[in-house]
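# Results of the structural survey
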There are 2 protein chains.
Amino acid sequence: MANNQPTSQPPPGERPGVRAQTAPGRWDGVAVMPYKQSADAPFRDVTRQVLFADSNLACEWRYFEVDEGGYSTLERHEHVHAVMIHRGKGQCLVGSAISDVAAGDLVFIPPMTWHQFRANRDDYLGFLCVVNAARDRPQMPQPDDLAALRRDPEVARFIRIGAEPA
Amino acid sequence: MANNQPTSQPPPGERPGVRAQTAPGRWDGVAVMPYKQSADAPFRDVTRQVLFADSNLACEWRYFEVDEGGYSTLERHEHVHAVMIHRGKGQCLVGSAISDVAAGDLVFIPPMTWHQFRANRDDYLGFLCVVNAARDRPQMPQPDDLAALRRDPEVARFIRIGAEPA
């Protein structure tokens, strides 16, 4: 198969044909990256991989893997997330609903809905996430938002904002 | 979790939160549908499920399952396909390259590239496919296209156009 991409930084998703899964949650030609660059978006033990981000595709298809005990950033935004759990298990918050999730389950996150994924079931949690290529920046909860979220005791116990002891 | 969708025909993907995988390749609230409506697009033993098709998402995320011995339509189009094999194994044609594929593998189909999936490895072949919500109609091969494809003996042996004995 032709592969004319430069070897230094291949644009993800633009290689025609097959890229094999080389190990669970790892793929030929897909770099494992830090979850976020920003220090003010609290998370723990998460990696990010871009599986498809072709200029002809209106969406990006990413894979996030949360190590046991870790969590994604508690955030909201105007764009939506379409998620499928790929490996392992854990829980997620969508709005005020906390749900168990395991490999194969689907999760839809509507606009401006607080959400967080936690690998809190003695396992990693790996999930696929499809998102519009053109999208707004995530918002972090402000003190008023946290106060509102914490009015539900179950949500108060669930959310992680980086101030917890390790 | 609230579910205010009518039970007759729930808009796929618009239910917030989790939809569980109820069996391999089957999901709560996701209907199993015929692959294509058109009689002039040859295929064999394929089902289609729309996992996410929300109006806020620029793409649709579908799941196709090909029974053992079946195949998807040989086609091409301007829009691209981002594919991950979800279950089972088989082979795919992308352009003139025929590749083995199995659960977890990624496949990218560039614009105007002939492609076909076959469950020809004594197994079903189930694959996730993300595609732009706004897209052109697939083109079927015309006699000249088939003649060009068949110049490669391996491709000639691989492709299925519905004229084969059952």
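Residues numbered from 1 in each chain as written. Chains lettered and ligands numbered in written order. Predicted model: local features only at pLDDT ≥ 70, side-chain atom pairs only at ≥ 80, totals over all residues. Heavy atoms only, no water.

### Regarding the nonpolar core
In summary, soluble globular proteins display a tendency toward joint burial of nonpolar side chains. So the rule is basically this: Take the buried residues of types Ala, Val, Leu, Ile, Met, Phe, Trp, Tyr and Cys, join any two whose side-chain atoms come within 4.5 Å, and each joined set is a nonpolar core. Buried, partly exposed and exposed residues are distinguished by accessible area as a fraction of the type maximum, computed with a 1.4 Å probe on protein chains only: under 20%, between the cut-offs, and over 50%, respectively. Whether two residues are in contact is decided by their heavy atoms, any of which lying within 4.5 Å being enough.
Ranked by size, the top nonpolar core spans 30 residues in total, and within it Leu51(A), Trp61(A), Leu128(A), Leu51(B), Trp61(B) and Leu128(B) carry the most contacts. With residues near it in sequence (within four places) discarded, Leu128(A) still touches Leu51(A), Trp61(A), Arg62(A), Tyr63(A), Ala82(A), Val83(A), Met84(A), His86(A), Trp61(B), Met84(B) and Leu128(B).

### Some details on the packing of aromatic side chains
Quick note on the threshold: Centres within 6.5 Å are what make two rings of Phe, Tyr or Trp a pair, Trp counting through its six-membered ring; a difference in plane orientation under 30 degrees is then read as stacked, over 60 as edge-to-face, and the rest as tilted. Under the DSSP-based scheme used, a helix requires at least four consecutive residues in state H or I and a strand at least two consecutive residues in state E, with every element numbered from the N terminus. Placement of a positive charge over a ring is assigned whenever Lys NZ or Arg CZ falls within 6 Å of the ring centre and within 35 degrees of the normal to the ring plane.
Following the criterion strictly, the structure yields 15 aromatic pairs over all chains and no others. When the centroid spacing of 4.3 Å and the interplanar angle of 20° are considered together, the rings of Phe117(A) and Phe127(A) count as stacked. Of the two residues, Phe117(A) is situated in strand E10 (residues 115-118) and Phe127(A) in strand E11 (residues 125-132); the sequence distance between them amounts to 10 residues. On the basis of relative accessibility, which here comes to 5%, the residue Phe127(A) falls in the buried class. Each residue in the set Phe52(A), Trp61(A), Phe108(A), Phe52(B), Trp61(B) and Phe108(B) is aromatic and connected to the rest through ring pairs, giving one cluster. Taking the ring centre of Tyr124(B) as reference, the NZ or CZ of Arg87(B) above it sits at 4.0 Å.

### Brief notes about the pairing of strand E6 (residues 59-71) of chain B
Residues and elements named next belong to chain B. Stated precisely, the cut-off is as follows: At least two DSSP bridges between two strands are required for those strands to pair.
Bridging between strand E5 (residues 44-52) and E6 involves seven bridges; their strand directions are antiparallel. When the bridges of E6 are listed, Phe 52 appears paired with Trp 61. Counted along the chain from E5 to the antiparallel partner E6, the turn is six residues long. Two strands pair when backbone bridges link them, and E6 and strand E11 (residues 125-132) are joined in this way by eight bridges, in the antiparallel orientation. For Phe 64, the partnering residue across the bridge sits in E11 and is Phe 127.

### Some thoughts on the relation of the copies chain A and chain B
To keep it simple, the criterion reads: Here the copies were fitted onto each other by least squares, based on C-alpha atoms from residues at pLDDT of at least 70 in both.
Once chain A is rotated about the relating axis by 180° and shifted along it by 0.0 Å, it coincides with chain B to within an RMSD of 0.0 Å. Overall, the copies show the geometry of a two-fold rotation axis. The share of interface residues of chain A whose copies in chain B are also at the interface is 100%, consistent with both copies meeting through the same surface.

### Quick look at the pattern of salt bridges
All names here are of chain A. Quick note on the threshold: The term salt bridge refers to a side-chain nitrogen of Lys or Arg lying within 4 Å of a carboxyl oxygen of Asp or Glu.
The final tally for this structure, using the stated rule, is 13 salt bridges over all chains. Note that Arg 135 is salt-bridged to Glu 60, the shortest N-O span being 3.5 Å. Of this pair, Arg 135 sits in the loop between E11 and helix H1 (143-149) while Glu 60 sits in strand E6 (residues 59-71), placing them 75 residues apart in sequence. Take Arg 135: its relative accessible area is 35%, and that puts it in the partly exposed class. Among the ionic contacts, a cluster of salt bridges with common partners joins Arg 26, Glu 65 and Arg 87.

### Concerning the UniProt feature "domain: Cupin type-2" (unreviewed entry) in chain A
For clarity, the threshold we go by: UniProt positions are given in the numbering used here, feature names are shortened, and annotations may be inferred rather than shown by experiment.
As annotated in UniProt, the feature "domain: Cupin type-2" (unreviewed entry) corresponds to residues 63-131 of chain A in the numbering used here. What you have in residues 63-131 of chain A is 0% helix and 64% strand, and the ends, taken at the C-alpha atoms, are 11 Å apart.

### Concerning the interface of chain A and chain B
Interface extent is often summarised as the accessible area lost during association of the parts. Worth spelling out the cut-off: Once two parts are put together, the accessible area they lose, assessed with a 1.4 Å probe and summed over both, is termed the buried area. Here a polar contact is recorded for every N or O atom pair within 3.5 Å, except that within protein the pair must consist of a potential hydrogen donor and a potential acceptor, and residues adjacent in sequence are included only if both atoms are side-chain atoms. Residue type decides the class: Asp, Glu, Lys and Arg count as charged, Ala, Val, Leu, Ile, Met, Phe, Trp, Tyr, Cys and Pro as nonpolar, and the leftover types, Gly among them, as polar.
Taken together, the contacts link 43 residues of chain A with 43 residues of chain B. Where chain A abuts chain B, roughly 3,300 Å² becomes buried across the two surfaces, and 74% of that area is made up of carbon and sulfur atoms. The largest share of the area that chain A buries against chain B comes from Trp61(A), Leu106(A) and Phe108(A), three residues that together contribute 21% of it. Along the contact surface separating chain A from chain B lie zero salt bridges. At the junction of chain A and chain B, the tally comes to 12 residue pairs in polar contact (both at pLDDT 80 or more). Breaking the side of chain A that touches chain B down by element, the ones donating at least two residues are strand E1 (17-19), strand E5 (44-52), E6, strand E7 (81-94), strand E8 (97-102), strand E9 (106-109) and E11 of chain A. Per-element accounting of the side of chain A that touches chain B gives the leading share, six residues, to E7(A). Classifying every residue of the side of chain A that touches chain B gives 29 nonpolar, eight polar and six charged.

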